[in-house]
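A look at the structure
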Amino acid sequence: MAVLFVAVLVLLLLVLCLSSALLLRWNEVRFSKKKGLPPGTMGWPIFGETTEFLKQGPNFMKNQRARYGSFFKSHILGCPTVVSMDPDVNRYILMNEGKGLVPGYPQSMLDILGKCNIAAVHGSTHKYMRGALLSLISPTMIRRHLLPTIDHFIRTHLCNWDSQIIDIQLKTKEMALLSSLKQIVGPESGSISGAFMPEFFKLVLGTLSLPIDVPGTSYRRGFQARKSIVSILRQLIVKRKESKESHLDMLGYLMNTEESNRYKLSDDEIIDQVITILYSGYETVSTTSMMAIKYLHDHPKVLQQLREEHLAIRARKKPEDPLDMDDLKSMRFTRAVIFETSRLATIVNGVLRKTTQEMEINGFVIPKGWRIYVYTREMNYDPCLYPDPFSFNPWRWLDKSLESQNYLFIFGGGTRQCPGKELGIAEISTFLHYFVTRYRWEEVGGDTLMKFPRVEAPNGLHVRVSHLN
């Protein structure tokens, strides 16, 4: 009986292995009928190579490049995809949007962030929505309204950290979200933040998931979180319309119906714009702030020079004086630290585009509807661009020409360069200012960092904080 059981088990395993091999082979043959495609593998039907991509991350990319070169096909995040790791091809793709290419973000991201979000639209609609967004975060808006709000919030947020062990990852996440909420809805942020924050965290996790709408999946939780957030924002918009009061915050400017406002948006467009602002700023500001604290801890000479820059600013101000635009402009080394942190940690791995027609790129044919993953991560470690690329060296960025070199994509590129770049730098600079002039810190130890698909500390990044003086 035991022998029969083992025989049946072995037979089942053989059938399973054969079926798997046939499925993989069938999927490869199916795509090989399309002529002129780049080399590569497509993995399983439906799922493709998403599991390997998410688990192995950069190693998956390096292995595929070693086998097929810097331009190869795959099937990730639910769609046939061509991955480009070639700097010149990447630059061409990013600088030529509209010539058969549009944003190609995963379906989960489009569903959860909304059909009117700036990453989803293109052409004249993108130009209009981008204009509306830029009007909110112009240098004048930052100087007059946003920086004072950021300064007051962060000054308060960093109070009472002395003699505590804190999770700097959690604190920077809270800071990034609550600071943005304060800028968007002003004083009303206090009444909605308790309900808003847990829903927003679920929304973020859902944007990078397979769009499988069944209970328990990250996609379902993210999509349900979006519904909750939309409900909160819609109630706030209705309340403001009924009160007819003017508000000097982002939502107030978006809702402005006077003739002086060039950008008239519907309620749905306003809501998607708000979610876009929160989402795009949250990940970059929180993660860059956390990793800056990590790198500063590990590089005492960098910390010393950064602290000297900020103590000099405080020395010419009264204790209660907030930071202003002149202070931000004087933070040359701080800006260098932020750029080097973004480069070395690779907060953003790349961007996605989608073909609207069959087109030829790099000598290969890309079918209509395929995505192109402009994978820029490896460019951050190119020794030709950044000598000794794996060292944390902010001084390299004091040469301002490095910010304008052709292969700098840490803030996007082309018409899709991050519109909130300078606002994000202002927030991180303000956080670093108050943190390094108030506190010293040491890592508790034992925490691990993941670099893909997101830069995060799965169990938090804990530091012991003490007062500087």
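Here is what the cut-offs are and how they apply
- Residues numbered from 1 in each chain as written.
- Predicted model: local features only at pLDDT ≥ 70, side-chain atom pairs only at ≥ 80, totals over all residues.
- Heavy atoms only, no water.
- Helix = DSSP H or I, 4+ residues; strand = E, 2+ residues; numbered from the N terminus.
- Rg over C-alpha atoms; globule rule 2.2 N^0.38 Å.
- Buried < 20%, exposed > 50% of the residue type's maximum accessible area, 1.4 Å probe, protein only.
- Contact = heavy atoms within 4.5 Å.
- Lys, Arg positive; Asp, Glu negative; His and termini not counted.
- Charge placed at Lys NZ, Arg CZ, Asp CG, Glu CD.
- UniProt positions renumbered as here; feature names shortened; annotations may be inferred.
- Pairing = 2+ DSSP bridges.
- Axes fitted to C-alpha atoms, helices over the stretch in contact; angles between N-to-C directions.
- Core = buried A, V, L, I, M, F, W, Y, C linked by side-chain atoms within 4.5 Å.
- Phe/Tyr/Trp six-rings, centres within 6.5 Å; stacked < 30°, edge-to-face > 60°.
- 1 Å grid on protein atoms, 1.4 Å probe; cavity = no way out; pocket = protein on both sides within 12 Å on 5 of 7 lines; lining within 4 Å.
- Points joined across faces, edges and corners; volume = space filled by probe spheres on them.
- Expected span 1.5 Å × (residues − 1).
- Polar contact = N/O pair within 3.5 Å; in protein donor to acceptor, adjacent residues only side chain to side chain.

**Remarks on the overall build of the protein chain**
Secondary structure assignment for the protein chain yields 16 helices and ten strands. Relative to the compact-globule value of 23 Å for 469 residues, the protein chain shows a C-alpha radius of gyration of 24 Å, a close match. C-alpha extents for the protein chain along the principal axes are approximately 80 × 55 × 55 Å. Out of the 469 residues belonging to the protein chain, those deemed buried represent 53%. Looking at the protein chain alone, contacts between residues at least 24 apart form 71% of all its contacts between residues at least 6 apart. Put simply, the protein chain has 58 plus and 46 minus side-chain charges, and the middle of one group is 4 Å from the middle of the other.

**Concerning the UniProt feature "binding site: heme" (unreviewed entry) in the protein chain**
This chain's UniProt record puts "binding site: heme" (unreviewed entry) on Cys-418. Inspection of the secondary structure assignment puts Cys-418 in the loop between β8 (371-375) and α16 (421-438). What makes Cys-418 partly exposed here is its relative accessible area of 32%.

**Overview of the sheet that holds strand β4 (residues 164-167)**
Sheet strands pair by backbone hydrogen bonding; their relative direction is either parallel or antiparallel. Sheet architecture is open: three strands sit in the order β4-β10-β9, paired in antiparallel fashion. With partners counted over all chains shown, the strands left at the sheet margins are β4 and β9 (439-443), one partner each. Taking each pair of neighbouring strands and ignoring which way they run, the sheet shows an average axis angle of 35°. Inspection of the sheet shows β9 paired to strand β10 (residues 462-467) by five bridges, in the antiparallel sense.

**Quick notes on the sheet that holds strand β3 (residues 101-103)**
Here we have five strands laid out as an open sheet, ordered β1-β2-β8-β5-β3, and mixed in their pairing. The sheet is open, and its two borders are formed by β1 (71-76) and β3, each paired with just one other strand. Mean inter-strand twist for the sheet, computed between neighbouring axes without regard to direction, equals 35°. For strand β5 (residues 350-355) and β8, the ladder comprises five bridges, and the chain directions are antiparallel. Residue pairing for β8: Lys-354 is matched across the bridge by Arg-371. In the packing of helix α3 (residues 58-68) onto the sheet, contacts are made with β1, β2 (79-84) and β8, and the angle to β1 comes to roughly 135°. The strands that helix α4 (residues 87-95) touches are β1, β2, β3, β5 and β8; relative to β8, the one it contacts most, it runs at about 125°.

**Remarks on the side chain of Glu-283**
One can find Glu-283 in helix α12 (residues 267-298). For Glu-283, a relative accessible area of 18% gives the class buried. If we ignore the near neighbours within four places in the chain, the residues touching Glu-283 are Val-204, Ile-347 and Arg-454.

**Side note on the pairing of β5**
Of all six residues that make up β5, five are buried, and the element is covered over most of its length. Examined bridge by bridge, β3 and β5 share three bridges and lie antiparallel to one another. Its bridge partner lying in β5, Leu-101 is registered against Thr-355.

**A look at the nonpolar core**
Core analysis: the biggest nonpolar cluster contains 121 residues, and Phe-196 and Phe-431 have the highest contact counts within it. Tallying contributions element by element places α12 first for this core, with 15 residues. Excluding residues within four positions of it along the chain, Phe-431 makes contact with Ile-154, Leu-158, Trp-161, Ile-168, Thr-172, Met-175, Ser-289 and Ile-293. In this structure, Phe-53, Phe-60, Ile-76 and Leu-77 belong to the second largest nonpolar core, which totals twelve residues.

**Things to note about the packing of aromatic side chains**
Under the counting rule described, the total for this entry stands at 19 aromatic pairs. Judged by centre distance (6.1 Å) and plane angle (85°), the ring pair of Phe-53 and Tyr-373 falls under edge-to-face. Taken together, the positions of Phe-53 in helix α2 (residues 50-56) and Tyr-373 in strand β8 put the pair 320 residues apart, joining distant regions of the chain. In this structure Tyr-373 comes out as buried when scored by relative accessible area, which is 9%. With a centroid separation of 6.4 Å and an interplanar angle of 15°, the aromatic rings of Trp-161 and Tyr-439 are classed as stacked. On the criterion of sequence distance, the pair formed by Trp-161 in the loop between α7 (139-157) and β4 and Tyr-439 in strand β9 is long-range, its members being 278 residues apart. Taken as a pair, Trp-161 and Tyr-439 share a single burial class, namely buried. In textbook terms, an aromatic cluster arises when at least three aromatic residues are bridged by ring pairs, as seen for Phe-53, Phe-60, Tyr-373, Tyr-375 and Phe-452.

**Some words on empty space enclosed by the protein**
Gaps between atoms show up when a probe of the same size as a water molecule is rolled over them. All told, the structure shown has two cavities of 30 Å³ or more when counted by the stated rule. In this structure, the second largest cavity spans a volume of roughly 30 Å³.

**Looking at helix α8 (residues 168-185)**
Across its 18 residues, α8 extends 25 Å between first and last C-alpha, which sits within 8% of the 26 Å expected from 1.5 Å per residue. Its side-chain oxygen placed 3.0 Å from the backbone nitrogen of Gln-169, Asp-167 serves as the N-cap of α8. Phi turns positive one or two residues past the end of α8, at Gly-186, with a value near 60°.

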